[in-house]
Amino acid sequence: MTTELGPTERACVLQAADARQMQGVTVPVGVPAHEARRGPRDGTRGAVDVSAGLPQHLTFAKGDIVYEFDGFDADRVAVYRYAPAKSPLHDRIMAGVQQAYFEAAQAKKGGTR
């Protein structure tokens, strides 16, 4: 099912961060880099209002999660990539991911002493 876009809307998709968005981002010890690239809304498809021009950033969670415009895909859909360096919530998300990886590693070893 395809929905029709309004005259001031453009299709968009949210994707994981790429090398450009990862510049200056520290990956926590024990966390695979692909986890740090992932944004909480990756894979979401929708539309953006382009009445004032194509927005360079999309924000969620009251500005705590930021995706930035990264060009167009082959179908001319606007691609926005997760911007961890610009997302105030990213460090807290990564702390939780790091804790989950630590706990999984401890469980695999047989628990903590």
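For the structure, check the block above.
Now for a quick tour of the structure. Keep in mind that what you see is a predicted model, and the values were worked out from it rather than measured.

**Considerations on the side chain of Glu 35**
On the secondary structure map, Glu 35 appears in helix 2 (residues 33-37). You can call Glu 35 buried: its relative accessible area is 13%. Of the polar contacts made by the side chain of Glu 35, one reaches the side chain of Tyr 101; its length is 2.8 Å.

**Comments concerning unusual backbone geometry**
Of note, the phi angle at Lys 62 is positive, near 60°, even though the residue is not glycine. Within the secondary structure, Lys 62 is located in the loop between strand 3 (57-60) and strand 4 (65-72). Judged by relative accessible area, Lys 62 falls into the exposed class, the value being 85%. Backbone geometry at Arg 76 places phi at a positive 65°, although glycine is not the residue there. Within the secondary structure layout, Arg 76 lies in the loop between strand 4 and strand 5 (78-82).

**What to know about the pairing of strand 1 (residues 9-15)**
Bridge count between strand 1 and strand 2 (residues 45-49): 5 bridges; the pairing is antiparallel. Of the residues in strand 2, the one forming a bridge with Cys 12 is Gly 46. Where strand 1 lies against strand 5, 4 bridges are found, and the strand directions are parallel. If you follow Gln 15 over to strand 5, its bridge partner there is Arg 81.

Here is what the cut-offs are and how they apply
- Note on numbering: residues in each chain are counted from 1, in written sequence order.
- Where local features are concerned, this predicted model is filtered to residues with pLDDT of at least 70; where side-chain atom pairs are given and counted, the filter is 80 or more; whole-chain, interface and lining totals use all residues.
- Side-chain figures throughout are based on the complete set of non-hydrogen atoms in the structure, without hydrogens or water.
- Strands are runs of DSSP state E lasting at least two residues, helices are runs of H or I lasting at least four, and both sets are numbered from the N terminus onward.
- Remark: exposure states derive from per-residue accessible area (1.4 Å probe, protein chains only) relative to the maximum for the residue type, with buried under 20%, exposed over 50%, and partly exposed in between.
- Identification of polar contacts relies on pairs of N or O atoms within 3.5 Å, with a donor-acceptor requirement for protein atoms, meaning one able to donate a hydrogen and the other able to accept it, and with residues adjacent in sequence counted only if both atoms are side-chain atoms.
- We call two strands paired when DSSP finds no fewer than two bridges between them.

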